[in-house]
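Coordinate analysis (summary)
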Amino acid sequence: MTQAQDADTMADTHSSVENRSQTQIDRLPGFNVVNVLEKRSLLIAINSLAALSIFFFGYDQGVMGGVNNAKNYIDLMKIGYVDDEGTPIITNSLLQGGIVAVYYLGTLVGCLLGGWFGDRIGRIKSIALGAAWAIFGASLQSAAQNSDWMIGARVVNGIGTGILNAVVPVWATETAEHTSRGQFIAIEFTLNIFGVVVAYWLEYGLSFIDYGNSAFRWRFPLAFQIIPLLFLLATVWFFPESPRYLAKAGRDAEAQYVLRRLRGSTGDDAVRANIELQEIRNVIALEKQESTKTSYYHMLFGIGSGRLHIARRVQLVIWLQILQEWVGIAGVTVYAPTIFRIAGFSSGKSQWISGLNNIFYMFATLICVFTLDRIGRRWTLYWGSVGQGIALGENASRAGDTGKASSYGAAAASFVFIFTSVFGATWLTVPWLYPAEIFPLQMRNHGNAWGVVGWSIGNGWLTLLCPVLFERIGATTLHIFGIVNIITIPIVWALYPETNQRTLEEIDLLFASSSPWVWDAEKTFARLKAEEPALQVSAKDLPVGDAEQGRASG
């Protein structure tokens with residue numbers, strides 16, 4: 001039997017890692033950080049680059065808040081005017097909101113493109129594509145001369161952001177160990193809110209240049225996002241491809257080498273890396289048997305997914321992202337300045353308080369770094385919903401009556417801090433981590449893209465709806481968000497199974513039940529896990545002897 005025939009036979013029969021070790025390589029060609037770094041230092045390098053993309057994402061979300069208050073921008077886009085006291089008066093709120101909201105149309109298109117590219121050309125090339133696309137969009141935005149130009153530029157920029165959001169969390173998740181996936185993703189989202197903080201304070205400082213009347217006040221912040229994107233585009237080529245994508249693409253020698261560098265190349269670490277690779281191969285074979293259709297259409301309706309129940313997973317990630325917006329973060333962001341104003345703070349002091357709130361928000365995300373892999377995804381969402389619901393109820397009670405809000409002063413405004421801090425520690429991260437965890441390898445980028453679809457729908461919807469709600473029913477809107485927080489608790493409890501401390505290869509067993517309820521999913525998972533030991537070997541802390549035995553049985 002030839003080597004090529006041998007390789008084909010072993011792929012079809014889930015053969016052992018031992019028989020494939022003859023093709024292992026000692027390094028990747030050219031310069032690559034995987035040739036220099038190993039284990040935790042390599043993981044930190046990968047997640048630092050991923051965090052740079054997430055930083056851009058946060059910055060891009062936060063930058064339009066200051067842009068919308070710039071006099072030159074308001075005049076150029078013809079959305080209103082600035083009165084003698086320097087207060088922006090918006091006469092065309094539909095156009096202003098449309099310019100902001102159309103960005104989410106771009107992210108929706110971009111995430112679908114990103115999911116398609118990520119599963120076909122790889123994570124690294126797709127990240128480079130998204131960065132280049134976003135650079136072009138940012139350039140168009142900073143050079144906009146009218147509202148039509150700005151709308152088109154926002155769509156282009158959104159497409160780039162959508163590509164990155166669909167691919168980067170998957171890349172980071174597939175390289176991390178199952179015991180620390182949540183921690184690394186949470187760290188990245190600390191950088192996400194750091195991007196919001198940078199955008200806010202940069203625009204606050206620029207508002208003092210030429211009394212805030214210069215075009216530089218809004219053009220420079222829009223152009224500033226090009227800097228991290230250029231760095232991302234230039235450096236991503238020197239980082240390793242996801243070992244799971246490499247295995248799916250049949251590049252086993254590269255996959256084995258990258259996994260050994262990620263997990264360790266000597267002793268027990270090398271054995272576990274080999275076992276993990278074998279598990280990946282076994283799951284690839286299983287997924288090919290169970291699911292023959294991987295297009296977005298087939299995923300949405302579950303056509304050809306067999307026992308993998310892809311349609312259920314798609315619905316879970318879409319609605320988790322929509323719920324992330326409806327728990328109130330969009331509403332509090334819109335209404336916070338009003339709460340500060342009726343609490344008795346001046347316009348200038350309200351700006352300082354808003355900026356300080358963003359800083360508290362950023363540091364609160366660090367709580368998730370230490371808790372997400374300890375208490376799990378479900379309990380993180382539980383305590384977040386409770387804390388946010390209480391904060392929103394108190395906010396609405398105090399902000400709903402001007403006299404009451406003024407008498408409470410700082411106490412009324414403090415609930416804004418409490419809400420954003422709790423959100424940063426809980427609901428900010430989990431809806432982005434969950435989609436990157438629960439989909440099969442052969443369609444993981446497609447699956448994560450569906451999560452970004454939900455985020456785009458939730459954000460775009462509320463960006464247009466929030467101003468109308470607050471205009472019509474005022475602080476009662478916060479009561480609605482508070483009720484949504486309470487509703488999310490039974491939804492998460494009944495429908496969203498726990499992924500914490502489970503390998504990506506075990507997740508298919510978690511969704512194998514024909515029932516959507518969590519308790520049935522857990523029973524089925526326990527039964528199938530006992531029946532499929534090859535899919536759970538690396539989840540154990542095996543000594544070398546046991547690991548070798550498990551490998552041989554693969």
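Just so we're clear, the structure is a prediction, and the values are computed from it rather than from any experiment.

This brings us to the overall build of the protein chain. Each helix and strand counted, the protein chain has 23 helices and two strands in total. Accessible surface, the protein chain as shown: approximately 21300 Å² in total, 63% of it carbon and sulfur.

Further remarks concern the pattern of salt bridges. Should their charged atoms come close, side chains of opposite charge can pair. Evaluated as defined, the whole model comprises 18 salt bridges. Each of Asp119, Arg123, Glu174, Lys248 and Arg444 takes part in salt bridges that share partners, so that together they form one network.

Packed helices, taken two at a time, are described by the angle between their axes plus the distance between the axes. Running from N to C, helix 5 (residues 123-142) and helix 9 (residues 226-235) point in directions that differ by 155°, and their axes come no closer than 9 Å. Judged by the inter-axis angle, helix 5 sits roughly antiparallel to helix 9. The interaxial crossing formed by helix 5 with helix 9 has left-handed handedness. Note on element contacts: helix 9 touches helix 5 through Ile226, Leu229, Leu230, Leu232 and Leu233, opposite Ile127, Ala128, Ala131, Ala132, Ala134, Ile135, Ala138 and Ser139.

In this section: the confidence of the model for the protein chain. The predicted coordinates ought not to be read in detail in places where the model reports low pLDDT. Put simply, the protein chain has an average pLDDT of 83, and 86% of its residues get 70 or more. At the low end of the mean pLDDT range in the protein chain sits helix 23 (residues 544-553), at 35; at the high end sits helix 5, at 96. Here residues 1-22 is modelled with pLDDT under 50, and outside its nearest four sequence neighbours on either side it reaches 28 contacts, counting other chains as well.

Moving on: helix 2 (residues 39-67). For helix 2, with 29 residues, the first-to-last C-alpha span of 42 Å sits near the 42 Å given by 1.5 Å per residue. Burial analysis of helix 2 places 21 of its 29 residues in the buried class, which makes it a mostly covered element.

Judged by nonpolar contacts, the single largest core of 116 residues is most densely connected at Ile127, Trp171, Phe239, Phe423 and Trp450. The dominant element in this core, judged by the number of residues it contributes, is helix 14 (residues 310-342), at 15 residues. For Trp450, the residues in contact, after removing those within four places along its chain, are Tyr296, Met299, Leu300, Val314, Val317 and Ile318. Formed by 19 residues, the second largest nonpolar core is a distinct cluster that contains Ala70, Tyr73, Val198 and Ala199.

In this section: the side chain of Arg261. Relative to the elements of secondary structure, Arg261 occurs in helix 11 (residues 252-263). Among buried Asp, Glu, Lys and Arg side chains, Arg261 stands out as unpaired, with Glu38 the closest opposite charge at 4.1 Å. Within the local environment of Arg261, its side chain forms a polar contact with the backbone oxygen of Leu37, the two atoms lying 3.1 Å apart. Discounting residues that sit within four places of it in the chain, Arg261 has contacts with Val34, Asn35, Val36, Leu37, Glu38, Lys39 and Leu42.

A cluster of nonpolar residues, Phe31, Val36, Trp237 and Phe238, forms a patch on the protein surface that exposes about 440 Å² of accessible area. Residue placement: Phe31 occurs in the loop between helix 1 (3-12) and helix 2. For Phe31, a relative accessible area of 54% corresponds to the exposed category.

Even without glycine at this site, Lys78 takes up a positive phi of about 60°. Secondary-structure assignment places Lys78 in the loop between helix 3 (71-77) and strand 1 (80-82). Classification of Lys78 by relative accessible area gives exposed; the value is 66%. A positive phi angle, close to 65°, is found at Gln501, a residue other than glycine. Inspection of the secondary structure assignment puts Gln501 in the loop between helix 20 (476-495) and helix 21 (507-510).

As a further point, take the packing of aromatic side chains. Counting across every chain of the model gives 31 aromatic pairs. Aromatic pair Tyr103 and Tyr104: ring centres 5.2 Å apart, planes at 80°, arrangement edge-to-face. Residue class for Tyr103 comes out buried when judged on its relative accessible area of 1%. Joined through ring pairs, the aromatic side chains of Phe55, Tyr59, Phe194, Phe216, Phe220 and Phe224 make up one cluster. Positioned over the ring face of Phe525 is Arg502, at 4.2 Å from the centre of the ring.

With that settled, consider the environment of Val416. Structurally, the position occupied by Val416 is in helix 17 (residues 410-425). Its relative accessible area of 0% is what places Val416 among the buried residues. C-alpha separation for the pair Val416 and Asn357, spaced 59 residues apart in sequence, amounts to 7.8 Å.

What counts and how
Residues numbered from 1 in each chain as written. Predicted model: local features only at pLDDT ≥ 70, side-chain atom pairs only at ≥ 80, totals over all residues. Heavy atoms only, no water. Helix = DSSP H or I, 4+ residues; strand = E, 2+ residues; numbered from the N terminus. Areas by Shrake-Rupley, 256 points an atom, 1.4 Å probe, with all protein chains shown as cover. Salt bridge = Lys/Arg side-chain N within 4 Å of Asp/Glu carboxyl O. Axes fitted to C-alpha atoms, helices over the stretch in contact; angles between N-to-C directions. Parallel < 35°, antiparallel > 145°, perpendicular 65-115°, else oblique. Left-handed = near helix turned anticlockwise from the far one by under 90°. Contact = heavy atoms within 4.5 Å. pLDDT = per-residue confidence, 0-100. Expected span 1.5 Å × (residues − 1). Buried < 20%, exposed > 50% of the residue type's maximum accessible area, 1.4 Å probe, protein only. Core = buried A, V, L, I, M, F, W, Y, C linked by side-chain atoms within 4.5 Å. Lys, Arg positive; Asp, Glu negative; His and termini not counted. Polar contact = N/O pair within 3.5 Å; in protein donor to acceptor, adjacent residues only side chain to side chain. Patch = residues over 30% accessible without salt bridge, like charges linked within 9 Å, V, L, I, M, F, W, Y side chains within 5 Å. Phe/Tyr/Trp six-rings, centres within 6.5 Å; stacked < 30°, edge-to-face > 60°. Lys NZ or Arg CZ within 6 Å of the ring centre and 35° of its normal.

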